[in-house]
Amino acid sequence: MDLILQKSIQIMKTLTLIRPDDWHLHLRNGEILKTVVAHSARQFQRAMVMPNLKSPVVSVEDALRYRAEILQALPSGSSFEPLMTLYLTPQTSVEDIQKVAENPFIYALKLYPAGATTHSESGVTNLNVIYPILEAMQKYDVPLLIHGEVTDTNTDIFDRERIFIETQLIPIVAQFPDLKIVLEHVTTTEAVQFVSAASQKIAATITPQHLLFNRNALLVGGIKPHYYCLPILKRESHQRSLIAAAISGNPKFFLGTDSAPHITALKENACGCAGCYSAFAAIELYTEAFEKENALDKLEAFAAFYGADFYGLPRNTTTITLEKKSWEIPSQYGEKNHLITPLNANQTLHWKQQ
Ligand code: NCD
Ligand code: ZN
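Everything in this summary refers to the structure shown in the same document. Small disclaimer: the values here were computed from a predicted structure and weren't measured. (Residues numbered from 1 in each chain as written. Chains lettered and ligands numbered in written order. Predicted model: local features only at pLDDT ≥ 70, side-chain atom pairs only at ≥ 80, totals over all residues. Heavy atoms only, no water.)

### A short note on the sheet that holds strand 7 (residues 181–183)
Thought 1: One open sheet holds the 8 strands; their spatial order is 2-3-4-5-6-7-8-9, and the pairing between them is parallel. Edge positions in the sheet fall to strand 2 (22–25) and strand 9 (253–255), since each has one partner strand and no second. The sheet shows a mean angle of 30° between the axes of neighbouring strands, taken without regard to direction.
Thought 2: In the sheet, strand 5 (residues 106–111) pairs with strand 6 (residues 144–146) via 3 bridges, with the strands oriented parallel. The residue bridging Leu111 from the neighbouring strand is Ile146, located in strand 6.
Thought 3: In the packing of helix 7 (residues 189–197) onto the sheet, the strands contacted are strand 7, strand 8 (202–206) and strand 9, and the crossing angle to strand 8 comes to about 145°.
Thought 4: Packing against the sheet, helix 13 (residues 299–311) makes contact with strand 2, strand 3 (46–49), strand 6, strand 7, strand 8 and strand 9, and its axis sits at approximately 115° to strand 9. (Pairing = 2+ DSSP bridges. Helix = DSSP H or I, 4+ residues; strand = E, 2+ residues; numbered from the N terminus. Axes fitted to C-alpha atoms, helices over the stretch in contact; angles between N-to-C directions. Contact = heavy atoms within 4.5 Å.)

Now the structure itself:
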């Protein structure tokens, strides 16, 4: 058979899904925003927008201002909805929580232990200080999103999530059993076990990089800064636990990319920043991970149903379609002054959104 004929009888493989949501996303502000929000808006209907700007989003007013900036930066005609969050600081007040509860655009508060990650200097050092705030969040049903890592310099970076769960999260959950909590970007077997065994109030997001890679991607054959994110990639056994959770059909585990753009020069640096940029093809990256496990039938609920259900929001009704088609991820996205190296740059992806 000649090649042309052979090609024409090949059945094009496609996958149509309810349009997914991204339950953990960094959009930044200023120049870079336009590039990155367009990527997310092409794939996702909604995204939970993280508040760790250089000048953090700490008040309802900050969040509304940031939301307006995001909407302004969207490609025209986009129906993408940024769901806003506030940064929980030692100054957050019970009144702030009441205001969030009444506001239709703000959905949660994000807790960063001080020093845990990019722009987390305003975070909380002693969690006991915020117990009255957690009490109010429980009362007003405002979800708490947690970057779950301890930050004391003596703790091994690969143990920070596990120890956070043991020493910080377990007491919080015991004290506030009705508080809705999302343990963001889980990376360990212990986190999967904790969330699985916890009440229905506790859920977790999983990133594409933690499903697709383990610490070998970061450290074998040279230091690969574009695979450096926090919580750091762990060993393969943890990766296997995350994959098992993602494809399990357990509604406690849902999609949150943690796409975190940094300009290339700040990643390829003697002190490179943490964050992987995945928004350019987030759903394709997840699709690849699910396909490897023969679990494409579990992708839609993970990407489009469980997160909405957890937050008590309606599921989306429109769809996106992916085509089985190989393409090479470019080496850079963005404009001259803010070039961003994507996750898995120059590698082949096997799915592409139409
Ligand atoms: C995030 C960022 O760059 O804002 N970085 C990361 O490695 N994930 C912050 C965060 O979510 O920890
Ligand atoms: Zn994040």
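### Section: the pattern of salt bridges
Thought 1: Taken as a whole and assessed by the stated rule, the structure comprises 10 salt bridges.
Thought 2: Notably, a salt bridge pairs Lys13 with Glu291, separated by 3.9 Å at the nearest N-O pair. Of this pair, Lys13 sits in the loop between helix 1 (3–9) and strand 1 (14–18) while Glu291 is found in helix 12 (residues 282–292), placing the two residues 278 residues apart along the sequence.
Thought 3: Here Lys13 falls in the partly exposed class, since its relative accessible area comes to 42%.
Thought 4: With its nearest N and O atoms 2.7 Å apart, the salt bridge here joins Arg315 to Asp309.
Thought 5: Residue Arg315 is classed as partly exposed on the basis of its relative accessible area of 40%. (Salt bridge = Lys/Arg side-chain N within 4 Å of Asp/Glu carboxyl O. Buried < 20%, exposed > 50% of the residue type's maximum accessible area, 1.4 Å probe, protein only.)

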